[in-house]
Amino acid sequence: MFDYEFPLNINDLLYRARDLFSRKEVVTRFPGGVHRYTYGDLYRRVCRLAHALDRLGLKKGERVGSFAWNTHRHLELYYALPCTERVLHTVNIRIPHEHIVHTVNKARDRFLFVDEDLVPIIERVKERLETVEGYVVMAPPGKRLQTSLSPLYYYEDLLEDQGEDYSFPEFIDERTPALMCFTSATTGLPKGVEYTHRGVVLHTLAISLPDAANMSERNTLLLVVPMFHVLCWGYPFACTMTGAKQVLPGPQPTPADLARLIQDEKVTHTAGVPTVWLALLEEIESGKYDLSSLKEVLVGGSAPPRSLMEAYESHGIPMVHAYGMTEAYPVVLVSRLKSYLMDLPPEEQYRFRVKQGLLMPLLRAKVVGESGREVAHDGRELGELWLRGPWIVKGYYREEEKTRETFGDGWYHTGDVVTIDQEGYIQIADRTKDLIKSGGEWISSVELENAIMAHPAVKEAVVIAARHPKWDERPLACVALKEGETPQGKKEEIREMLARRFPSWWLPDDVVFVDEIPKTSVGKFDKKALRREFGDHYVRAREG
Ligand code: AMP
């Protein structure tokens, strides 16, 4: 045993579902129909997969990448790897190819488990994957694909002849890494973080509390947040532990798919980024679906506009605002009204509810102003949010310098500029990270700027996050051309040039030409000034 009390293991979340909730369902939507099985089936398939991982020769501590949507197979990976002391690396399927290559190589993934429709992306980068020894395609039983991936295995074949029981280690040291994922960096390539058994278990318990995600066996959850995005905010673990039915939306879900799932599976709770809820609103308002089962929607990842919260509430669906990040498994703040604030007039209540919220139990936070001192709790003074706690990571994976910069003094410096009020509600006012958050996914402004500045006619370029009615933020390129150059045709040229390197959703929707990029007193590009001038560019364009 260990020199501390009983270790916290992810295995025990799974065993609970096996022992107490073996009849409860896990439902996955696929384009051809719905796949349905129970937690009992999940356990047996996790055992089969664990045997298959042994047969692939994977040793303790080794990493396997997943490149997948939210499906029951992905959920099986969430348990089979950690519960056998290996590590699941959930690769983000939306990032540029160069970033996919970097994250897989950095994590040293030995195998990649790939959804069938995502195989073409991996085919394009496979020559550059240095550590991958084999690819496992997650397709329905018997289905065969034409692919250049090699050596190739089929998930269902691997599981086929395996035993339905497995002797998992009796205890795993709770500090053992269980999963990992990567977050975008302001400059350069994404940075990895590791999640331990201990961190996952404590985070699971904490988010299950009534004042957090309010989990219960009686709830049915629709897991909209991608499983490659910070552990799907912890829901795959919290559902399994509590025995809540979980509904996984599968490949490329549309807003109509989500509405249908809510209706057909009688979903009570769901969580996701504002963009998703904005899109779902149209389905709700179409009146085509009976969504009366839905009791609550958690919204986070970006700040929801108040109008969105109001719109949902006008349909009787309360929205709860939450905040977190990759470095924090991810949940840090949840904004629920304290009982005595519920007596306030609705207008006053919204003042609190639109804030990012109250700190989760067991975490510690400081809001540090420019003077280096903590700010007053007056809801006005600005400072950077610093965090520490059992599910705040200690640093970036194999990145000493970036770790020193961000975690050097034992606190995680979030880069989010916030206020904290007398009641303890924290609100984000700005962020120091040079990133654009579009539909819940990051775009690096610095990478786009560098690419634009390679255009022979461009003197200076800055890419800012401009507010967008649908995507929350979209990149807007502000470009100063060299002497004698004219904007004629340049916007198209710039976009074409960027399209060769970046996914289409990274491309600035518009380019504005300025005589000169404003500079700060120390001669840096003054993004704040440009944000003041052009921050509403897309909103204004929409309003005509
Ligand atoms: P990620 O690591 O991709 O989850 O991104 C984390 C970052 O997203 C945070 O540091 C914030 O800048 C931003 N963020 C997350 N939740 C919210 C929210 N509710 N409101 C505003 N920004 C948020």
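Residues numbered from 1 in each chain as written. Predicted model: local features only at pLDDT ≥ 70, side-chain atom pairs only at ≥ 80, totals over all residues. Heavy atoms only, no water.

Glancing now at the overall build of the protein. Tallying secondary structure elements over the protein gives 17 helices and 25 strands in all. A globule of 544 residues ought to have a C-alpha radius of gyration of about 24 Å, and the protein, at 24 Å, matches this closely. If one aligns the C-alpha atoms of the protein with their principal axes, the spans along those axes are about 70 × 60 × 55 Å. By the burial criterion, 59% of the 544 residues in the protein qualify as buried. In the protein, 68% of the contacts between residues at least 6 apart in sequence involve partners at least 24 apart. On the protein, roughly 23100 Å² of surface is accessible, and the fraction owed to carbon and sulfur atoms is 48%. Across the protein, the centroid of the 69 positively charged side chains sits 1 Å from that of the 79 negatively charged ones. (Helix = DSSP H or I, 4+ residues; strand = E, 2+ residues; numbered from the N terminus. Rg over C-alpha atoms; globule rule 2.2 N^0.38 Å. Buried < 20%, exposed > 50% of the residue type's maximum accessible area, 1.4 Å probe, protein only. Contact = heavy atoms within 4.5 Å. Areas by Shrake-Rupley, 256 points an atom, 1.4 Å probe, with all protein chains shown as cover. Lys, Arg positive; Asp, Glu negative; His and termini not counted. Charge placed at Lys NZ, Arg CZ, Asp CG, Glu CD.)

Now for empty space enclosed by the protein. All told, the structure shown has four cavities of 30 Å³ or more when counted by the stated rule. Empty space within the largest cavity amounts to approximately 50 Å³. Lining the largest cavity are Ile207, Ala212, Ala213, Trp233, Tyr235, Leu298, Val331 and Val334. Of the residues that constitute the lining of the largest cavity, the class distribution is eight nonpolar, no polar and no charged. (1 Å grid on protein atoms, 1.4 Å probe; cavity = no way out; pocket = protein on both sides within 12 Å on 5 of 7 lines; lining within 4 Å. Points joined across faces, edges and corners; volume = space filled by probe spheres on them. Nonpolar A, V, L, I, M, F, W, Y, C, P; charged D, E, K, R; others polar.)

Further remarks concern the site of the ligand. Surrounding the ligand, one finds 19 residues, the nearest of these being His321, Thr326, Asp416, Lys433 and Trp442. Here alanine 303 contributes a backbone N or O atom positioned 3.1 Å from a nitrogen atom of the ligand. Measuring from an oxygen atom of the ligand, one finds a side-chain N or O atom of tryptophan 442 at 2.7 Å. Within the complex, the protein chains bury 94% of what would otherwise be the 500 Å² of accessible surface of the ligand. The greatest single-element share of the shell around the ligand, amounting to four residues, is contributed by strand S14 (residues 319–324). Residue classes in the shell around the ligand are distributed as seven nonpolar, nine polar and three charged. (Near = heavy atom within 4 Å. Polar contact = N/O pair within 3.5 Å; in protein donor to acceptor, adjacent residues only side chain to side chain.)

Another aspect to go through is the nonpolar core. Formed by 93 residues in total, the largest nonpolar core has its most connected members in Tyr79, Phe113, Leu179 and Tyr195. The element that contributes the greatest number of residues to this core is helix H2 (residues 39–55), accounting for nine residues. Each residue touching tyrosine 79, except ones within four places of it in the same chain, is listed here: Ile10, Leu13, Leu14, Val46, Pro236, Phe237 and Thr240. Within the second largest apolar cluster, 26 residues are counted, among which are Val247, Ile262, Leu294 and Leu308. (Core = buried A, V, L, I, M, F, W, Y, C linked by side-chain atoms within 4.5 Å.)

This next bit is on the state of the cysteines. By the definition in use, this model includes zero disulfides. Take cysteine 181: it sits in no disulfide, and the sulfur closest to it among the cysteines is that of cysteine 232, at 12 Å. Relative accessible area serves as the criterion here: at 1%, cysteine 181 is assigned to the buried category. The structure places no disulfide on cysteine 239, whose sulfur is separated from the nearest cysteine sulfur, that of cysteine 232, by 8.1 Å. (Disulfide = S-S within 2.5 Å.)

Approximately 1000 Å³ is the volume attributed to the second largest pocket. Elements that contribute at least two residues to the lining of the second largest pocket include exactly helix H5 (119–125), helix H9 (255–265) and helix H10 (274–286). In terms of residue count, H10 provides more of the lining of the second largest pocket than any other element does, three residues in total. Across the lining of the second largest pocket, the residue classes tally to 23 nonpolar, eleven polar and seven charged.

As summarised here, the arrangement of the three strands in space is S23-S24-S25, forming an open sheet in which the pairing is mixed. Two strands close off the open sheet at either side, each with one partner strand: strand S23 (458–468) and strand S25 (510–513). Here the strands of the sheet are splayed against their neighbours by 30° on average, with no regard to which way each runs. Of the strand pairs in this sheet, strand S24 (residues 472–481) and S25 are connected by four bridges, and their pairing is parallel. Each residue of the ladder has a partner; that of cysteine 478, found in S25, is valine 512. Packing of helix H14 (residues 445–453) onto the sheet brings it into contact with S23 and S24, and relative to S23 it is tilted by some 145°. (Pairing = 2+ DSSP bridges. Axes fitted to C-alpha atoms, helices over the stretch in contact; angles between N-to-C directions.)

Along helix H4 (residues 97–107), nine of the eleven residues are buried, which leaves the element largely enclosed by surrounding structure. If you check which residues of H4 are buried, you get His99, Ile100, Val101, His102, Thr103, Val104, Asn105, Lys106 and Ala107. In this structure, the buried residues of H4 make contact with strand S3 (63–67), strand S4 (87–90), strand S5 (109–115), H5, strand S8 (177–183) and H14. Positive backbone phi, approximately 60°, marks arginine 108, located one or two places after H4.

The linkage connecting serine 150 with the following residue, proline 151, adopts the cis geometry, with an omega of -10°. Tracing the chain through its elements places proline 151 in the loop between strand S6 (134–138) and strand S7 (152–154). Each neighbour pair has its own omega, and for tyrosine 329 with proline 330 the value is 5°, a cis peptide bond. Take proline 330: it is sitting in the loop between S14 and strand S15 (331–335). The backbone of leucine 362 sits at a positive phi, close to 75°, despite the residue not being glycine. Although it is not a glycine, arginine 398 adopts a positive phi angle of roughly 50°. Residue placement: arginine 398 occurs in the loop between strand S18 (383–388) and helix H13 (400–407).

What follows concerns the sheet that holds S4. Two strands in a sheet stick together by hydrogen bonds in their backbones, pointing the same way (parallel) or opposite ways (antiparallel). Reading across from one edge, S7-S6-S5-S3-S4-S8-S9 is the order of the seven strands in this open sheet, with mixed pairing throughout. Each of the sheet's edge strands pairs with one partner strand only, and the pair in question is S7 and strand S9 (191–196). The sheet shows a mean angle of 25° between the axes of neighbouring strands, taken without regard to direction. Alignment of S3 against S4, held across four bridges, turns out to be parallel. Looking across to S4, one finds that arginine 63 is bridged to valine 87. Running over the sheet, helix H7 (residues 197–207) touches S8 and S9 and is turned about 75° from S9.

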